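Residue-level structural notes
Okay, here's what each chain looks like letter by letter:
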Amino acid sequence: GEPLALGRGGIAISMAPPGVLAQLLDRVQKGTPDAALQIAEKQLADHPRSLALKQVARLLANVAARTAPDTAVELVEGLVALDVVQFADKAGKDYFARFAKWAMREFLAEGQYTLAAMGALPGGDSDRVGDKMPLLTALPGKGGLDIVLTSQRGLLPHVPLQKGDWLFLSFLHSGLEVASFEGELVDFEGIGNARNGLCVKLVGTSNDVVRSLAGGTCRVDKAANRVTFVRQMDALRTMCDVPSELAWLRATLLAADEEGDL
């Protein structure tokens, strides 16, 4: 392996090969954490503690809502076993691994519940599933991975959606081999409560695919509460990172893990 340097808190670290984190993020956003783990095993095995905990927490927080929970948990366990994460100490490592897996299972359980309620994707006989949103038509967004979804019936019905919600988009007649996507509701079209469209930023896909969706018909389902999940992962990362002004609180919360090794 490569020579180790000293990181924050005197932790011996190494540098990850360029582009590896982007590859891991791509696979996680596409719902294939098993493929992400394979990349880590191949490219990071000789780079101990090469990923900052902040990077790993961000990676896990981007897991696709349709991901099978067990494969997501295996990614956490695999990264910890490979010793590629820069943990301050063993107590922090054990605490992060335990509660990251718990938070991911809770988030992904929501996604699995929604998928089960929707039935097979794509398709279905009803144009009202999940949160009772009618079928919508896709229009080009501002560019990149943005897309605008409008209702052929005019104004959208009142549904419990708000900015930041995570959505499943199922294109029914797009002609694409993969016709189901995920994305964040970033804004509404219209003024006030007179909403006539949704502005969504898709993830786990490409600009070309997004452009090809224009004119297609899709159904929208509220997938899972990613806002809360991201906050949980960020708080967990803060607690388990190198001790700072919260060192006393961190020590109290991690005491049980430390005492378990005595």
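Thresholds applied
Residues numbered from 1 in each chain as written. Predicted model: local features only at pLDDT ≥ 70, side-chain atom pairs only at ≥ 80, totals over all residues. Heavy atoms only, no water. Helix = DSSP H or I, 4+ residues; strand = E, 2+ residues; numbered from the N terminus. Buried < 20%, exposed > 50% of the residue type's maximum accessible area, 1.4 Å probe, protein only. Contact = heavy atoms within 4.5 Å. Polar contact = N/O pair within 3.5 Å; in protein donor to acceptor, adjacent residues only side chain to side chain. Phe/Tyr/Trp six-rings, centres within 6.5 Å; stacked < 30°, edge-to-face > 60°. Arc of directions from axis to C-beta. 1 Å grid on protein atoms, 1.4 Å probe; cavity = no way out; pocket = protein on both sides within 12 Å on 5 of 7 lines; lining within 4 Å. Points joined across faces, edges and corners; volume = space filled by probe spheres on them. Nonpolar A, V, L, I, M, F, W, Y, C, P; charged D, E, K, R; others polar. pLDDT = per-residue confidence, 0-100.

1. Examining unusual backbone geometry
Most peptide bonds are trans, and most residues other than glycine sit at a negative phi. Positive phi is not limited to glycine here, since arginine 49 has a value of about 50°. Here the phi dihedral of aspartate 83 falls at roughly 60°; this positive angle occurs in a residue that is not glycine. Relative to the helices and strands, aspartate 83 resides in the loop between α4 (69-82) and β4 (85-86).

2. Some details on the environment of valine 200
Position of valine 200 relative to the elements: it lies in strand β9 (residues 194-203). Accessibility expressed as a relative area gives 0% for valine 200, which makes it buried. Here the alpha-carbon distance between valine 200 and aspartate 146, two residues 54 residues apart in the chain, equals 5.7 Å. If near-sequence neighbours (up to four positions away) are discounted, valine 200 is found in contact with Leu145, Asp146, Ile147, Leu149, Leu167, Leu169, Gly183, Glu184, Leu185 and Val186.

3. A short note on the side chain of aspartate 146
Position of aspartate 146 among the secondary structure elements: in strand β6 (residues 146-151). Looking at aspartate 146, the relative accessible area reads 18%, which means it is buried. Within the local environment of aspartate 146, its side chain forms a polar contact with the side chain of lysine 201, the two groups lying 2.9 Å apart. Excluding its chain neighbours within four sequence positions, the residues that come into contact with aspartate 146 are Gly141, Val200, Lys201 and Val210.

4. Regarding the packing of aromatic side chains
Counted under the stated rule, the structure contains 4 aromatic pairs. Note on tyrosine 95 and phenylalanine 99: the rings are 4.6 Å apart at their centroids and 40° apart in plane angle, and the pair reads as tilted. With tyrosine 95 and phenylalanine 99 both in helix α5 (residues 90-118) and 4 residues apart, this pair spans about one turn of that helix. Given the relative accessible area of 14%, tyrosine 95 is considered buried. Geometrically, the ring pair formed by phenylalanine 171 and phenylalanine 181 is edge-to-face, given 5.8 Å between the ring centres and 85° between the ring planes.

5. Some thoughts on helix α1 (residues 20-29)
Note: α-helices contain 3.6 residues per turn, so residues at a spacing of three or four share the same orientation. Regarding α1, the residues found buried are Val20, Leu24, Leu25, Val28 and Gln29. On an axial view of α1, the arc spanned by its buried residues comes to 165°, and they lie on one face. Where α1 terminates, the next one or two residues include glycine 31, which has phi positive at roughly 80°.

6. Details of the layout of surface pockets
Where empty space is left can be seen by rolling a probe of water-molecule size over the atoms. Computed from the structure, the second largest pocket encloses a volume of approximately 160 Å³. Forming the walls of the second largest pocket are Lys54, Ala57, Arg58, Ala61, Asn62, Arg226, Val230, Met233, Asp234 and Arg237. Sorting the residues of the lining of the second largest pocket by element identifies α3 (53-61) and α7 (226-240) as the ones contributing at least two each. By residue number, the principal contributor to the lining of the second largest pocket is α7, which donates 5 residues. Per-class residue counts for the lining of the second largest pocket are 4 nonpolar, 1 polar and 5 charged.

7. A look at the confidence of the model for the chain
Chain-level pLDDT for the chain is 83 on average; 78% of the residues reach the 70-or-more range. Counting interchain partners and residues more than four positions distant, the pLDDT-below-50 stretch residues 120-131 has 28 contacts.

8. Side note on the environment of isoleucine 39
Position of isoleucine 39 relative to the elements: it lies in helix α2 (residues 33-43). Classification of isoleucine 39 by relative accessible area gives buried; the value is 11%. Residues isoleucine 39 and arginine 27 lie 12 residues apart in sequence; the distance between their C-alpha atoms is 9.3 Å. Look past the residues within four positions of isoleucine 39 in its chain and what remains in contact with it is Val20, Gln23, Leu24, Arg27 and Leu44.

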